Amino acid sequence: MSFPNTPPGGINPIEGLDSTQVALLLLASIAFEELALAHLINAEAEKLQAAIGTLVINGQPVRTGIQAGSFDELLAVNRAAEKMLRTIIKKEMLLQFKFENVLEFLSRPTSTTT
């Protein structure tokens, strides 16, 4: 196993940010991750709709050619969607922990050192 490569100049943190700006960046990162998860959930819903032949986009039915041909195929699509949703739920739990940590960070009194 080899060591990871780091940039020649090292890893430099963003300097000059106060605690409020850091908290806002952390909250924005949570929001972007939530948005990504929402897109994944939507994709799973569309996959299920395509499998049962009820996918509609812009008011028009869509024939994708991936409609389940049998009950077993439909169950396989459902199992795959369930597996993805379980993974998304795990990620949601991690984001909840991250959010709680940000709230705790914000509730701490700020100290100024000289």
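From a predicted model like this one, the values you see are computed outputs, not experimental measurements. (Residues numbered from 1 in each chain as written. Predicted model: local features only at pLDDT ≥ 70, side-chain atom pairs only at ≥ 80, totals over all residues. Heavy atoms only, no water.)

### Looking at the overall build of the protein
Right, so step 1: Along the backbone of the protein there are two helices and two strands.
Right, so step 2: Residues classed as buried in the protein amount to 11% of the 114 residues present.
Right, so step 3: For the protein, the share of sequence-separated contacts (at least 6 apart) that also reach a separation of at least 24 residues comes to 64%.
Right, so step 4: Accessible surface for the protein amounts to roughly 9,300 Å². Of this, 62% is attributable to carbon and sulfur atoms. (Helix = DSSP H or I, 4+ residues; strand = E, 2+ residues; numbered from the N terminus. Buried < 20%, exposed > 50% of the residue type's maximum accessible area, 1.4 Å probe, protein only. Contact = heavy atoms within 4.5 Å. Areas by Shrake-Rupley, 256 points an atom, 1.4 Å probe, with all protein chains shown as cover.)

### Some points on the nonpolar core
Right, so step 1: Counting residues in each nonpolar core, the largest one holds six residues, listed as A23, I30, L37, I88, L95 and V102.
Right, so step 2: Of all the secondary-structure elements, those providing two or more residues to this core are helix 1 (19–52) and helix 2 (71–107).
Right, so step 3: When neighbours within four sequence positions are excluded, L95 is seen to be in contact with I30, E33, E34 and L37. (Core = buried A, V, L, I, M, F, W, Y, C linked by side-chain atoms within 4.5 Å.)

### Looking at a nonpolar patch on the surface
Right, so step 1: A surface patch of nonpolar side chains, about 420 Å² in accessible area, is lined by I89, M93, L94 and F97.
Right, so step 2: Relative to the helices and strands, L94 resides in helix 2.
Right, so step 3: L94 gets classed as exposed once you look at its relative accessible area, which sits at 53%. (Patch = residues over 30% accessible without salt bridge, like charges linked within 9 Å, V, L, I, M, F, W, Y side chains within 5 Å. Salt bridge = Lys/Arg side-chain N within 4 Å of Asp/Glu carboxyl O.)

### Notes on the side chain of E44
Right, so step 1: By the secondary structure assignment, E44 is in helix 1.
Right, so step 2: Residue classification places E44 among the buried residues on the basis of a relative accessible area of 8%.
Right, so step 3: When neighbours within four sequence positions are excluded, E44 is seen to be in contact with A80, A81 and M84.

### Digging into the pattern of salt bridges
Right, so step 1: One pass over the structure, following the stated rule, counts four salt bridges.
Right, so step 2: Between K91 and E33 there is a salt bridge, and its shortest N-O distance comes to 2.7 Å. With K91 in helix 2 and E33 in helix 1, the pair connects residues that are 58 residues apart, well separated along the chain.
Right, so step 3: Of the residues examined, K91 reaches a relative accessible area of 31% and is grouped as partly exposed.
Right, so step 4: Given the relative accessible area of 22%, E33 is considered partly exposed.

### Details of the confidence of the model for the protein
Close inspection of predicted coordinates is inappropriate for parts of the model with low pLDDT.
Right, so step 1: Averaged over all residues, the pLDDT of the protein equals 85, while 85% of them reach at least 70.
Right, so step 2: Model confidence for the protein, summarised as mean pLDDT per element, is weakest for strand 2 (residues 60–61) at 76 and strongest for helix 2 at 94. (pLDDT = per-residue confidence, 0-100.)

### Some remarks on the packing of helix 1 against helix 2
Relative placement of two packed helices is described by the angle separating their axes and the distance separating the axes.
Right, so step 1: Viewed as axis vectors pointing N to C, helix 1 and helix 2 meet at an angle of 170°, and their least axial separation amounts to 10 Å. Here helix 1 is positioned roughly antiparallel relative to helix 2, judged by the angle of their axes.
Right, so step 2: When its residues are assigned to classes, the contact of helix 1 with helix 2 shows 22 nonpolar, three polar and seven charged. (Axes fitted to C-alpha atoms, helices over the stretch in contact; angles between N-to-C directions. Parallel < 35°, antiparallel > 145°, perpendicular 65-115°, else oblique. Nonpolar A, V, L, I, M, F, W, Y, C, P; charged D, E, K, R; others polar.)

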